[in-house]
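Residues per chain, in single letters:
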Amino acid sequence: MSSNKKYWKSVEELNENSPVVEKLRQNEFVEEIPTDKFLGDKDSLESSATSRRDFLKFVGFSTAAASLAACEGPVTKTIPYVVQPERIVPGVANYYATTMADGFDFASVLVKTREGRPIKIESNKLAKASLGANARVHASVLSLYDNKRLKRPQIDGEDVSWEELDRQVGGALRSVGGQKVLLTSTMASPSTSKLINEFSAKYANVKHVVYDAISEDAALDAYQMKYGTRALANYDFSKAGVIVSVGADFLADWQAGGNDVSYAKSRIPKNGKMSRHIQFEGNMTQTGAKADKRVPVKPSQQKAVLAAIYGYIVGGAKSNLSPRLDDIVVKAVRQLRDAGSKAVVVSGITDVNAQLLVLAINDALGSEVMDKSNPKLVRQGNAKQVQQLIKDMNAGNVGALMVAGVNPAYSLPNVEAFKAGLRKVDVSIAFSMKKDETAKLCKYIAATSHYLENWGDVQLTKKDFSLMQPTIRPLFDTRQFQDTLLKWSGSETNYRDYIKQTWSGSISSWNEALHDGVFEASSPVVSEEELGAVATPNYSTALRDLATSEESEFELTLYTKVGMGDGQQANNPWLQEFPDPLTRVSWDNYLVISKADADKLDLENPTVSNGALNGSYVNLKVGDNVVKNVPILIQPGQAKGAVGLALGYGKKEAVQKEMQVGVNAYPLYKDFNAFQNVTIEKADGIHEFACVQLQSTMAGRDDIVKETTLEIFNTEDKHHWNPTPEVDYDHNEISVREEKASLWNEFDREIGHHFNLSIDLNACTGCGACVIACHSENNVPVVGKDEVRKFRDMHWLRVDRYYSSADTFKQEQKDLEDLPAFETYDKIENASYDNPEVAFQPVMCQHCNHAPCETVCPVAATSHGRQGQNHMAYNRCVGTRYCANNCPYKVRRFNWFLYNENEEFDYHMNNDLGRMVLNPDVTVRSRGVMEKCSMCIQITQKTILDAKRDGRVVGDDEFFTACSRACDQGAMTFGDINNKNSEIVEKKNDERMYHLLESIGTKPNVMYQTLVKNTGDL
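Note that the structure is predicted; figures quoted are calculated from it, not measured.

1. Description of the overall build of the chain
Helix and strand counts for the chain stand at 34 helices and 40 strands. The buried share of the chain, taken over its 1018 residues, is 61%. Within the structure as shown, the chain displays about 41200 Å² of accessible surface, and the carbon and sulfur contribution to it stands at 48%.

Right under this line is the structure:
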């Protein structure tokens, strides 16, 4: 059955005696309304001599005054075009294909501009090899309008002209002795590589060192040793039948990310088949959450597991695993063999030996999932060269250091050695958008442009390329890195023309390639990596080293969050307020730890009376490096002895005070290894989290998440695994979907358009790209950590994460049947705490045809439209919040304060630069107004009007919302159900379709597809 499992969002819900959970279920709002602050204290009210008549006079006068004041709106002066720019029509959006490439994220994108302002990022659907537009890519448009950006170049901290900078730097580079080193991020750009070679020819003794803050050295070295190219393996998980992952969070940022798109395709049941996924990991990750079988193991055990898999498939040393773990590995290997070329093994172990064994295993399986002919080239960092550079700097061998696209004074584990070496460098130059930790230490700062202001080319894979073009003229007196190198090389060519010259003989049409943003070709520039010597891999040594890995009491895994990444966008409020998909915490990083280890160290995660979460502090020590006062978060599913901490937080320079949150974990990133043995000691104090996991609880109702197994899905009738709720009618049970089950008279919905949204729980990975896209499209405000802690966040769309017990339904049913009398679910749920099942569920306004919110609004501010949307008339809303109380889905958001142009909420909406990102098609809401998902009515109406103007029928693929367009995995499908040939109609008629809380009869226009897991005989 699909609805017999108990799902829980927070550990607190497992405590049957918790008054907090019951309070949140019963209360409309998590905090009492502070009436005393508005009305004064009780004593003064009782002593008041004001009569009822006087009170009504005052109220009447104040109402009249407010009405008169409302008649005059604020005057905003606008300046019209004297000469209207070509190709710009006021009110009509323009789209440009470009590429985001910041050294960590790479994606081919479309940029929506309004009157010359970029306001939204979307995926470029023409890109075959795009790594996908994740939450950070969608949020990058806001970073364009970051008020912490440098406005012009600087020398010794003082603003100067470009002419002065060019003159002084040119003279310094010509006269300085020693090495001249360019330290850059991975640019993956053929034209930039060619330019750096020409720059090196201009100035003697120039060396180029590539530094990735999150190193993939192990995978790059292994691939180069086996295949002769320094690159990353390119996996197409849509071809996979069986996936075994050992410590690889490949649905997040593992090896440059972008794997979730192909993975989702293999996870949707088709013709009774879907891929099977087995995950061995220490941290609970997005990838582990989606696995059919998840096995919690410490990092040292992961190495032994991988060695055992290699031994069983390729041959070699015998397994030294425990009998239980060895039995699981044997079963996994059997399924890998059965799948043959449809099988694949991946690993996130940052050890070249581990990565060599992975490549050998996939070779032995003949895996077609890995494309050897087209590897990924978006990581080129060399940690050994970076370490050597620091030694050379301290030895006085480096005369000039030019840093571009990286912030080593923040992200290097041995940062003090770098700073000491930098003081010995005569000429230090930072190419930077901000005056960050590194730029602050440099004599010269060449202020660089945002990627949306730049030209460029990017090589994503061996065969696939993407172009970058400016979507707006530079906002400030900045210049991109490549244009500066051209200037310092003595060239009069600008970088746009330089790129065209580079590709002149390789692509047939420059304009076509620029229009599409992507093309296939052979690189016109030979990289140094392809010319390097190749070492011969020694598999026996690699196997021996992995099989004999030593264990430690606590083993730390350093990872990146899907919101913050490596920390480049730390000053982006959208990403700071974005809740982590698993912990549901925003505005923080923290040490995730198992319940058993937390109890051992006397650590706790108490939930206070209003549902807010607190946590103990610990100090972490790796080698000689100590990070103090790290908050802890007890994570269900965390392996015992394994802890995790996110990188990318704790930045101070060029970051607004409100966003200087979290702790810097890079000092623990010793030797660029994500796995570290760590010492943990409890520290004093309690940390306050901004966690939304107990928010918006749907009153403990059932039928929220429906799931089943592939076996039941294939063998049982739909009514067994996806039954439609029934209600009593005339002493008989009838389907809630029947007309007789409704109290309302229906009207004809087949006239015109009627919109529905389908969400496939199999394809959803919880990545949150839809959340940021919704923010961008609909001007959703940022409220800050304190307000989120009070459960006043304004997200129109949330991705709920649910835990549940048992690996299979049969097991859970058996456990339930064997429960002693008077026992509760808690006995089962607590037993599954060590390794729960996880489900992600995006929830927004369900746009109910029988909407409970519409009937209780006293001023008709919310009403239903003919096209299926539930509308909000903001200027009618008086803020009673009756609608929020009556909504069973808890998706309505109340503007407790004015978040626009308010110093108390000093984020992007409080400065002229940040407000440039606002979408002019969507109203910016004011204080006291309720808001919620509009199903992007501004987009659907434009689509309809465009078709009407052209005198044609709207195509099925033309309708979309911000969230459905952002979902590269295909989990969200939007369309018109009155178009009988549309994809949304297929989704509506699918046997997996169900509605959220369908038993209450709201008849939503949002539907879900039942989650199916391929557990089989695991």
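2. Concerning the sheet that holds strand 39 (residues 1006–1009)
The four strands are arranged 37-30-39-38 in an open sheet whose pairing can be described as mixed. The open sheet is flanked by strand 37 (972–976) and strand 38 (993–994), the only strands paired with a single partner. Pairing geometry for strand 30 (residues 755–760) and strand 39, over four bridges, is parallel. Bridge pairing in strand 39 links Asp-760 to Gln-1009.

3. Here's the deal with helix 8 (residues 217–227)
Residue pairs three or four apart in sequence face the same way in an α-helix, which turns once every 3.6 residues. Among the eleven residues in helix 8, eight count as buried, and that is most of the element. In the stretch just after helix 8, Gly-228 is the one whose phi turns positive, near 85 degrees.

4. Section: the environment of Lys-628
Summarising the element assignment, Lys-628 is placed in strand 22 (residues 625–634). C-alpha of Lys-628 to C-alpha of Glu-681: the two residues are 53 residues apart in sequence and 9.6 Å apart in space. In contact with Lys-628, not counting residues within four places along its chain, are Val-618, Asn-619 and Val-663.

5. Describing the pairing of strand 22
Where strand 20 (residues 591–593) meets strand 22, three bridges bridge the pair, whose relative direction is parallel. In the strand pairing of strand 22, Ile-593 is matched with Ile-634. Here strand 21 (residues 614–622) runs beside strand 22; their pairing, made up of five bridges, is antiparallel. Looking across to strand 22, one finds that Tyr-617 is bridged to Pro-631. Here strand 21 folds back onto strand 22 in antiparallel fashion, the turn holding two residues, of which Gly-623 has a positive phi close to 60 degrees.

6. Section: the sheet that holds strand 15 (residues 456–459)
Taken in spatial order, the three strands make up an open sheet running 15-16-17, and their pairing is antiparallel. With one partner strand each, in any of the chains shown, strand 15 and strand 17 (518–520) form the two edges of the open sheet. Each neighbouring strand pair of the sheet contributes to a mean axis angle of 25 degrees, computed without reference to strand direction. With three bridges connecting them, strand 16 (residues 464–468) and strand 17 associate as antiparallel partners.

7. Comments concerning the packing of aromatic side chains
The relation between two aromatic rings is expressed through the spacing of the ring centres and the mutual angle of the planes. Counted under the stated rule, the structure contains 25 aromatic pairs. Geometry around Tyr-444 places Lys-443 over its ring, the cationic atom sitting 5.5 Å from the centre. Taking the ring centre of Phe-960 as reference, the NZ or CZ of Arg-965 above it sits at 3.6 Å.

8. Observations concerning the packing of helix 13 (residues 352–365) against helix 21 (residues 539–547)
Contact geometry of helix 13 with helix 21 gives a least axis separation of 9 Å together with a crossing angle of 120 degrees. When the axes of helix 13 and helix 21 are compared, the pair comes out oblique. Helix 13 and helix 21 meet at a crossing whose hand is left-handed. Taken together, the residues of helix 21 that come into contact with helix 13 (itself represented by Asn-353, Ala-354, Leu-356, Leu-357 and Ala-360) are Tyr-539, Ala-542, Leu-543, Asp-545 and Leu-546. Along the lines of polarity and charge, the residues of the contact of helix 13 with helix 21 split into eight nonpolar, one polar and one charged.

9. Overview of empty space enclosed by the protein
Think of a ball as big as a water molecule: rolled over the atoms, this probe shows where empty space is left. Counted as a void, the second largest cavity has a volume near 270 Å³. Along the walls of the second largest cavity sit 25 residues, with Leu-131, Asn-134, Ala-252, Gly-258 and Asp-260 positioned nearest its centre. Secondary-structure elements contributing two or more residues to the lining of the second largest cavity are helix 5 (135–144) and helix 9 (260–267). Among the residues forming the lining of the second largest cavity, the class breakdown is 13 nonpolar, six polar and six charged. A domain split of the lining of the second largest cavity shows at least three residues from each of domain 2 (217–365) and domain 4 (707–744 + 758–1013).

10. Section: the pairing of strand 29 (residues 732–735)
Inspection of the sheet shows strand 28 (residues 726–729) paired to strand 29 by four bridges, in the antiparallel sense. Its bridge partner being in strand 29, Tyr-729 is matched across the sheet by Asn-732. Here strand 28 hands over to strand 29 after two residues, with Asp-730 in that stretch at a positive phi of 55 degrees.

11. Considering the environment of Val-369
Relative to the helices and strands, Val-369 resides in the loop between helix 13 and helix 14 (383–394). Placed 28 residues apart in sequence, Val-369 and Ser-341 show a C-alpha to C-alpha distance of 7.6 Å. Once residues lying within four places of it in the same chain are set aside, the contact partners of Val-369 are Asn-234, Tyr-235, Asp-236, Phe-237, Lys-239, Ala-240, Ser-341, Lys-342, Ala-343 and Val-344.

12. Section: the side chain of Gln-635
Considering the arrangement of structural elements, one finds Gln-635 in the loop between strand 22 and strand 23 (642–647). A relative accessible area of 3% places Gln-635 in the buried class.

13. Here we look at the pattern of salt bridges
All told, the structure shown has 49 salt bridges when counted by the stated rule. Residue Lys-440 is joined to Glu-653 by a salt bridge in which the shortest nitrogen-to-oxygen separation is 3.2 Å. Of this pair, Lys-440 sits in the loop between strand 13 (427–432) and strand 14 (444–447) while Glu-653 sits in the loop between strand 23 and strand 24 (675–677), and the two are 213 residues apart along the sequence. Its relative accessible area of 25% is what places Glu-653 among the partly exposed residues. The shortest N-O distance in the salt bridge between Arg-952 and Asp-950 comes to 3.3 Å. A network of salt bridges, in which partner residues are shared, links Lys-942, Asp-946, Arg-949, Asp-950, Arg-952 and Glu-958.

14. Topic: a negative patch on the surface
Taken together, the side chains of Glu-716, Asp-717, Glu-983, Glu-986, Asp-990 and Glu-991 define an acidic patch exposed on the protein surface. Locating Glu-991 in the fold gives a position in the loop between helix 34 (983–989) and strand 38. Since its relative accessible area comes to 46%, Glu-991 is described here as partly exposed.

15. Quick word on helix 12 (residues 323–339)
Compared with an ideal rise of 1.5 Å per residue, which puts 17 residues at 24 Å, helix 12 spans 24 Å between its outermost C-alpha atoms and is within 8% of the ideal. Regarding helix 12, the residues found buried are Leu-325, Asp-326, Ile-328, Val-329, Ala-332, Val-333, Gln-335, Leu-336 and Ala-339. Downstream of helix 12 by a residue or two, Gly-340 has a phi angle that is positive, lying close to 60 degrees.

16. Observations regarding unusual backbone geometry
The phi dihedral of Asn-271 falls on the positive side, at around 50 degrees, and the residue is not glycine. On the secondary structure map, Asn-271 appears in the loop between helix 9 and strand 9 (276–281).

17. What about the environment of Ala-339?
Position of Ala-339 relative to the elements: it lies in helix 12. Classification of Ala-339 by relative accessible area gives buried; the value is 19%. For the pair formed by Ala-339 and Ser-367, sequence separation is 28 residues and the distance between their alpha carbons is 9.4 Å.

18. Some words on the packing of helix 6 (residues 162–175) against helix 17 (residues 481–488)
Orientation of helix 6 relative to helix 17, taken along the N-to-C sense of each, is 60 degrees, at an axis distance of 10 Å. One element, helix 6, and the other, helix 17, form an angle in the oblique class. You can see that helix 6 and helix 17 cross each other, and the crossing is right-handed. Every residue of helix 17 that contacts helix 6 at Trp-162, Leu-165, Asp-166, Val-169 and Leu-173 is listed here: Thr-484, Lys-487 and Trp-488. Among the residues making up the contact of helix 6 with helix 17, the classes are represented as five nonpolar, one polar and two charged.

How each quantity is defined
Residues numbered from 1 in each chain as written. Predicted model: local features only at pLDDT ≥ 70, side-chain atom pairs only at ≥ 80, totals over all residues. Heavy atoms only, no water. Helix = DSSP H or I, 4+ residues; strand = E, 2+ residues; numbered from the N terminus. Buried < 20%, exposed > 50% of the residue type's maximum accessible area, 1.4 Å probe, protein only. Areas by Shrake-Rupley, 256 points an atom, 1.4 Å probe, with all protein chains shown as cover. Pairing = 2+ DSSP bridges. Contact = heavy atoms within 4.5 Å. Axes fitted to C-alpha atoms, helices over the stretch in contact; angles between N-to-C directions. Phe/Tyr/Trp six-rings, centres within 6.5 Å; stacked < 30°, edge-to-face > 60°. Lys NZ or Arg CZ within 6 Å of the ring centre and 35° of its normal. Parallel < 35°, antiparallel > 145°, perpendicular 65-115°, else oblique. Left-handed = near helix turned anticlockwise from the far one by under 90°. Nonpolar A, V, L, I, M, F, W, Y, C, P; charged D, E, K, R; others polar. 1 Å grid on protein atoms, 1.4 Å probe; cavity = no way out; pocket = protein on both sides within 12 Å on 5 of 7 lines; lining within 4 Å. Points joined across faces, edges and corners; volume = space filled by probe spheres on them. Domains from an automatic or database assignment. Salt bridge = Lys/Arg side-chain N within 4 Å of Asp/Glu carboxyl O. Patch = residues over 30% accessible without salt bridge, like charges linked within 9 Å, V, L, I, M, F, W, Y side chains within 5 Å. Lys, Arg positive; Asp, Glu negative; His and termini not counted. Charge placed at Lys NZ, Arg CZ, Asp CG, Glu CD. Expected span 1.5 Å × (residues − 1).

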